[in-house]
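Chains, contacts and geometry: an overview
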Amino acid sequence: MTDYPLLLSATIPFLIALFFFFFFRQSPRRASDFPPGPPPIPILGNIHQIPLQKSYIKFAKWAQQYGPIVGLRLGPQRAIVLNTWTAVRDLLDQRGAIYSSRPTIPLIEHMGITDTHPAFMKYTKNWRRARKSMAEYLKDSEVDKRMSIQDAESSQMMWEILQRPGEYKEAVERSFAAVMLDTVYGRRGTIDVTKRFFKIQDEWTALLDPGAMPPFDVLPFLRYVPDWLTPWRGWRQRAEALKQKKDGVYRGLFQDARERVVQGKVDDSFVARLLEEQEKEGYTDYDLEYVAGLLLEGGADTASTAFSVFVLAMAVFPELQRKAQEEVDGVFGKCMPAAPEGADATKLPYLKACFWEILRWRPGFPTGVPHATTKDDTYQGYSIPANTTVILNTWAIEQNPVDHTSPNAFDPTRFLTSKFGTTHPESDAPPTEADAWRRQSYAFGAGRRVCPGQRMAENSMLLAMAKVVWAFDIVSLEGEGELDLSMETGFTDAFLTAPKEGRIGFEIRGERRREVVEREWERADGLLKRFE
Ligand code: HEM
């Protein structure tokens, strides 16, 4: 049997020695011209002051105290938090050549996929190669060609909600993941495949959350600390088991998709394209498994989360739901919204405004996905060294009360009077040259790593939003005011934050609409059969 006290007395001095070795070897001195932030303490820097969950709320408070760019020390590592859109424009957008890498993320490093998972790759040749393949497939003209698939999947979602309103979350997740399975792999997105994927995805986003793993990116000595001595007991096994599952699911989907291409069943999937360029681009099979897998990840989870926020808002604000229904009924009358008109924003301005407001009000990635610098830089008199982690505080930008009146209120009309949802409509203040760089939403990130799936997300979301309010009255089953809208208490503590469980009901808006939902499902099923 292990003698723990003896082992402890031997390991602790060793660990302390190791700690100081790494600290003095790697810790840079805090430069006086580094952006201001809360005073660091020796060794830890600011780590102890950053909450493990929902750090964006604390970052936003620091911004009020220290200014729009907050400088932090995380052990030997430096980080800056950008809290205004102008800082994001100046650095991530306008200096993208040196602000587009990623910091080391413990889970990714431990899983050995730093140069395999494109969303977490550093700014390397391999990232540029993967980004080119993804961006080509996701460009507007290509994405718009797949509207009929998005249309069919959202019709199936309505039918599933009609059958099992209590399991609407499953129907939503299936639908958004299925769009990616159909288009990326050329296979039908059935509930068993999507459920398996989301189970792994939940483990993945939970382990990516800061605090779920020892932060050896900022305290490198933690790599060498025996598992049982840390509060993250079992993290190695969890990360390794996750890697096996993730590799397994991506390999299985990829091989099946390749088989379909070889058999001549599918020729327009993303995998078919990747296979065409495999040799020329020098991709290994493992590379392709993850490039395709990232599109599934990027497209499924994010859009279904944003859609859940829409459903929540509709349930809590029935008067706004009525407005959305009036608009959709006015355009489509007795027919269920269908592609391509369904996503035509000019016909559904209120719904389109709801889309932007969802992303502003409760962004899925409130702290974005961190970037990192690759060269020393100076900005407004501050020095920002190479390898600084750069955090885009989407939450602070989208909740800025100077730009957005009552920022915590869900008010889509702000996007009807101003493109950016700001207090001062453009008609009062015509856009300046600098505004031309302004993004309508920072929920998709910024710079060279900005989300390449925005058009796909917008098309899928608008179709599903139009259909759901056309077909159903969305109601809270928790009693009035009981669904928790607070980002602090009503949303999950994960890297991608989503509304916590709350009971929401879907009441069909009459027999005629029930018939249409059933008929549309049959049509959708016919169209989707080609992926079976
Ligand atoms: C509402 C839906 C979505 C949201 C809120 C969202 C948000 C984001 C954010 C914040 C990033 C990081 C950007 C940065 O580093 O600055 C990102 C990256 C990415 N997203 Fe999305 N996304 C959505 C939908 C999609 C869809 C539908 C796809 C694909 C079909 C997609 C594919 C990707 C990919 C491939 C990346 C990695 C980019 C890179 O590192 O080069 N996303 N997304």
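For the protein chain, an unreviewed UniProt entry supplies the name Cytochrome P450 and the organism Lentithecium fluviatile CBS 122367. Per UniProt, the protein chain carries the Cofactor (unreviewed entry) text "heme".

**Some words on the sheet that holds strand 6 (residues 389–392)**
Taken in spatial order, the four strands of this open sheet run 1-2-6-3, and their pairing is mixed. The open sheet terminates on both sides in strands that have one partner only, identified here as strand 1 (69–74) and strand 3 (371–372). The pairing of strand 3 with strand 6 spans two bridges and is classified as antiparallel. By the bridge assignment for strand 6, His 371 is matched with Val 390. Packing of helix 2 (residues 55–66) onto the sheet brings it into contact with strand 1, strand 2 (77–82) and strand 6, and relative to strand 1 it is tilted by some 120 degrees. Relative to the sheet, helix 3 (residues 85–93) contacts strand 1, strand 2, strand 3 and strand 6, its axis offset from that of strand 2 by approximately 130 degrees.

**Some thoughts on the UniProt feature "binding site: heme" (unreviewed entry) in the protein chain**
Under the UniProt annotation, "binding site: heme" (unreviewed entry) lies at Cys 451. Mapped onto the elements of the fold, Cys 451 is located in the loop between helix 16 (414–417) and helix 17 (454–471).

**Examining the packing of aromatic side chains**
This structure, assessed with the given rule, holds 18 aromatic pairs. A ring pair is formed by Tyr 137 and Phe 270, whose centres lie 4.7 Å apart and whose planes are at 35 degrees; its orientation type is tilted. One end of the pair, Tyr 137, is in helix 5 (residues 125–138); the other, Phe 270, is in helix 11 (residues 270–281), and 133 residues separate them in sequence. With a relative accessible area of 1%, Phe 270 lands in the buried category. Three or more aromatic residues joined by ring pairs make a cluster, and in this case those are Tyr 168, Phe 472 and Phe 506. The ring of Tyr 137 carries Arg 146 above its face, with NZ or CZ at 3.7 Å from the centroid. Over the face of the ring belonging to Trp 204 we find Lys 246, whose NZ or CZ atom lies 4.0 Å from the ring centre.

**Overview of the pattern of salt bridges**
Counted according to the given criterion, the structure contains 41 salt bridges. Among the ionic pairs, Glu 357 bridges to Arg 360, the shortest N-O distance being 2.8 Å. Here Arg 360 and Glu 357 lie together in helix 14 (residues 349–361), a separation of three residues that amounts to about one turn. Taken as a pair, Glu 357 and Arg 360 share a single burial class, namely buried. The closest approach of N and O atoms between Glu 511 and Arg 514, which form a salt bridge, is 3.2 Å. One end of the pair is Glu 511 and the other is Arg 514, both in helix 18 (residues 511–528) and three residues apart, which spans about a single turn. Counted as one network, the salt bridges with shared partners bring together Glu 142, Lys 145, Arg 146 and Arg 273.

**A look at helix 2**
With 12 residues, helix 2 extends 16 Å between its outermost C-alpha atoms, agreeing within 8% with the 16 Å of an ideal straight helix rising 1.5 Å per residue. When we look at burial in helix 2, the residues that qualify are Ser 55, Tyr 56, Ile 57, Phe 59, Ala 60, Trp 62 and Ala 63. Packed against the buried residues of helix 2 are strand 1, strand 2, strand 6 and helix 15 (394–398). Just downstream of helix 2, Gly 67 is the residue with a positive phi angle, here 110 degrees.

Reading the values: the criteria
- Residues numbered from 1 in each chain as written.
- Predicted model: local features only at pLDDT ≥ 70, side-chain atom pairs only at ≥ 80, totals over all residues.
- Heavy atoms only, no water.
- UniProt positions renumbered as here; feature names shortened; annotations may be inferred.
- Pairing = 2+ DSSP bridges.
- Helix = DSSP H or I, 4+ residues; strand = E, 2+ residues; numbered from the N terminus.
- Contact = heavy atoms within 4.5 Å.
- Axes fitted to C-alpha atoms, helices over the stretch in contact; angles between N-to-C directions.
- Phe/Tyr/Trp six-rings, centres within 6.5 Å; stacked < 30°, edge-to-face > 60°.
- Buried < 20%, exposed > 50% of the residue type's maximum accessible area, 1.4 Å probe, protein only.
- Lys NZ or Arg CZ within 6 Å of the ring centre and 35° of its normal.
- Salt bridge = Lys/Arg side-chain N within 4 Å of Asp/Glu carboxyl O.
- Expected span 1.5 Å × (residues − 1).

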